[in-house]
Amino acid sequence: MRRSVDEITGGKRLRRMRKADWSRRLVAENDLTVNDLIWPIFLIEGENRTEQIAAMPGVERLTVDLAVRAAEEAAKLGIPAVATFPNIPIEKRDTTGSNAVEDDNLINRATRAIKAAVPGIGIITDAALDPFTDHGHDGVLRDGIIVNDESVEQIVRAAVSQAAAGADIIAPSDMMDGRIGAIRDALDENGFQDVAIMSYATKYASAFYGPYREAIGTSGLLKGDKKTYYIDPANTEEALRETEADLQEGAEMVMVKPGMPYLDICRRVKETFQVPTFAYQVSGEYAMIEAAAANGWIDGERVMMESLLAFKRAGCDGVLTYFAPRAAKILAG
Ligand code: PBG
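Structure report, in brief. (Residues numbered from 1 in each chain as written. Predicted model: local features only at pLDDT ≥ 70, side-chain atom pairs only at ≥ 80, totals over all residues. Heavy atoms only, no water.)

1. Points about unusual backbone geometry
No. 1: That bond from K257 to P258 is cis: its omega, -5°, falls within 30 degrees of zero.
No. 2: Of note, P258 is situated in the loop between β10 (253-257) and α9 (263-273).
No. 3: Of note, N48 is a non-glycine position whose phi angle comes to about 50°, a positive value.
No. 4: When its relative accessible area of 59% is taken as the criterion, N48 is described as exposed. (Helix = DSSP H or I, 4+ residues; strand = E, 2+ residues; numbered from the N terminus. Buried < 20%, exposed > 50% of the residue type's maximum accessible area, 1.4 Å probe, protein only.)

This is the structure in structure tokens:
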């Protein structure tokens, strides 16, 4: 005997609250707002000049003066913070990334200029060495090995110089062991008690970073891969141990990177530790959405907004995304 739908569902009909825009809004469980967005921007030397990034259509490298304009625009839109990534001239890159620790390097000049012109926006800087090394690795390379402790020394000095320039949050993306505690000690020692740390706690050895390496000019330089210091994409438990260590060492916030393929990690990290958790929707994720949209294969704008909301649903407090200004404009109506 074939049952009626009401007999099957016991009279429950989940579609009732989906019937109209007002009822869907009323029962929506998650919400994306401009307060959830962090905008990563790329820096180059020079003045009043931009460069296109072929694999990231719509994203440009900016000279410091234009980065200030971008930060002004972001602040006007209500975006809480920018994250800066420099494309360092090749002649300034070396095996230990020595330019990373110089007070007047590109990243620190940008921080000073943005702080002076746009005091209301947060500045997040990365203390990893990869933009500064001539081999494209995040640490110091010795005899084919990224040496942990010497890298930490150099990353700590970079972090202190970034704090001195006015960075609000140090976000080390290098995955060296012990770097969070070492950065915390050095920041405190140097009077930067108010500078916070956002740890790239679970950074995976991912192929989704490809376009970023073009953006900061490391793709042609990188020898080998980063599997000896980033996490294996197969692992979850290790990501939780890494997050626990970074929190014990003093990180205020943790990040999961990449984003979309790792939403399960976002959820596990948030549920396990209940601390501010961010995802980095990385360059390859951006490029995939843009490429499909450019071909007319997807509705780029809707996919962009859906992808960002998905991070909130997965438990994230915010997202680093190249879409930040576009999403902010849509959110503003
Ligand atoms: C390296 C770093 C990476 C990204 C930011 N800093 C990864 C890498 O080059 O290995 C990736 C960001 C992106 O893909 O958008 N410290």
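Still more to cover.
2. Looking at the environment of D134
No. 1: With respect to the element layout, D134 can be found in the loop between β5 (122-125) and β6 (140-142).
No. 2: The spatial distance from the C-alpha of D134 to the C-alpha of A207 is 20 Å, given a sequence separation of 73 residues.
No. 3: Discounting residues that sit within four places of it in the chain, D134 has contacts with R93, D94, T95, L221 and K223. (Contact = heavy atoms within 4.5 Å.)

3. A look at the side chain of T133
No. 1: With respect to the helices, strands and loops of the structure, T133 is situated in the loop between β5 and β6.
No. 2: Reaching out from T133, the side chain makes a polar contact with the backbone nitrogen of G136 at a distance of 3.2 Å.
No. 3: From its side chain, T133 meets the backbone oxygen of H137 in a polar contact 2.8 Å long. (Polar contact = N/O pair within 3.5 Å; in protein donor to acceptor, adjacent residues only side chain to side chain.)

4. Observations concerning the site of the ligand
No. 1: Every one of the 16 residues lining the ligand counts as a neighbour, but S173, R213, K257, S283 and Y322 are closest to it.
No. 2: Within the contact set of the ligand, a nitrogen atom lies 3.2 Å away from a side-chain nitrogen or oxygen of K203.
No. 3: For the ligand, a nitrogen atom lies 3.5 Å from a polar atom in the side chain of K257.
No. 4: Here the ligand has 400 Å² of accessible area as a free molecule, and 100% of this is covered by the chains.
No. 5: Classifying every residue of the shell around the ligand by side-chain character gives seven nonpolar, two polar and seven charged. (Near = heavy atom within 4 Å. Areas by Shrake-Rupley, 256 points an atom, 1.4 Å probe, with all protein chains shown as cover. Nonpolar A, V, L, I, M, F, W, Y, C, P; charged D, E, K, R; others polar.)

5. Some thoughts on the pattern of salt bridges
No. 1: Summed over all chains, the structure comprises 20 salt bridges.
No. 2: Between D21 and R25 there is a salt bridge, with its nearest N and O atoms 2.9 Å apart. One end of the pair, D21, and the other, R25, are both in helix α2 (residues 21-27), four residues apart, so they sit about a helical turn from each other.
No. 3: We classify D21 as partly exposed; its relative accessible area is 45%.
No. 4: Of the charged contacts, one joins R326 and E290 as a salt bridge, the two residues approaching to 2.9 Å between their closest N and O atoms. Taken together, the residues span a long stretch of sequence, with R326 in helix α12 (residues 324-331) and E290 in helix α10 (residues 283-294) at a distance of 36 residues.
No. 5: Judged by its relative accessible area of 37%, R326 is partly exposed. (Salt bridge = Lys/Arg side-chain N within 4 Å of Asp/Glu carboxyl O.)

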